[in-house]
Amino acid sequence: MKQSFWQKLPRPFFILAPMENVTDTVFRRVVARTGRPDVFFTEFTSTDGLCSKGFERVKRHLEFTEVVRPIVAQIWGTRPEHFFSSAKLLVEMGFDGIDINMGCPERKIVSRGSCGGLIG
């Protein structure tokens, strides 16, 4: 079985955490040049948005260049079939990893069964 990039990282390793409206493609490239972490994450990206008419607008959150590898797509949503479709898209786009946001405690989002609400 092929080793994933996680096994190849130094210990301890450092990541650029996903931050809404912060860690866009331009910010990630700047960080890559000035204080490169071991792993980059995209902004939070909605699986429901990726499976909607707004696909092109939402997909912009996922733009990346080779300079920011390894890169992990952070996704969130409510519908299992959208997670599946989004995961297939992310594999096609060449992401090194996929992270499902199951930690956000924002009450409004959790009450809809998303993020931290996926655990409950």
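We now turn to the structure provided with this report. Computed from a predicted structure; not experimentally measured.

Looking only at helices and strands, the chain features 6 helices and 4 strands. Ordering the α and β elements of the chain from the N terminus gives α-β-α-β-α-α-β-α-β-α. Here the chain has a C-alpha radius of gyration of 15 Å; the compact-globule value for 120 residues is 14 Å, and the two agree. With the C-alpha coordinates of the chain rotated into their principal frame, the extents come out at 35 × 30 × 30 Å. Relative to its 120 residues, the chain shows a buried fraction of 36%.

A few words on helix H5 (residues 80-93). Between its first and last C-alpha atoms H5 spans 20 Å; for 14 residues at 1.5 Å apiece the expected length is 20 Å, and the two agree. The complete set of buried residues in H5 reads His-82, Phe-83, Ser-86, Leu-89 and Leu-90. Angularly, the buried residues of H5 cover 130 degrees about the axis, an arc narrow enough to put them on a single face. Of the exposed residues in H5, the ones pointing more than 90 degrees away from its buried face are Pro-80, Phe-84, Val-91 and Glu-92. Where H5 is buried, its residues meet helix H3 (47-50), helix H4 (55-59), strand S3 (71-76) and strand S4 (97-100). Where H5 ends, the next residue or the one after it, Gly-94, has phi of about 95 degrees, a positive value.

Here Arg-11 and Pro-12 are connected by a cis peptide whose omega angle stands at -10 degrees. One can find Pro-12 in the loop between helix H1 (5-8) and strand S1 (15-16). Each neighbour pair has its own omega, and for Arg-69 with Pro-70 the value is -5 degrees, a cis peptide bond. The residue Pro-70 is located in the loop between H4 and S3 in this model. In this structure, Asn-21 takes a positive phi of about 60 degrees despite not being glycine. Inspection of the secondary structure assignment puts Asn-21 in the loop between S1 and helix H2 (25-34).

Rules behind the numbers
- Residues numbered from 1 in each chain as written.
- Predicted model: local features only at pLDDT ≥ 70, side-chain atom pairs only at ≥ 80, totals over all residues.
- Heavy atoms only, no water.
- Helix = DSSP H or I, 4+ residues; strand = E, 2+ residues; numbered from the N terminus.
- Rg over C-alpha atoms; globule rule 2.2 N^0.38 Å.
- Buried < 20%, exposed > 50% of the residue type's maximum accessible area, 1.4 Å probe, protein only.
- Expected span 1.5 Å × (residues − 1).
- Arc of directions from axis to C-beta.
- Contact = heavy atoms within 4.5 Å.

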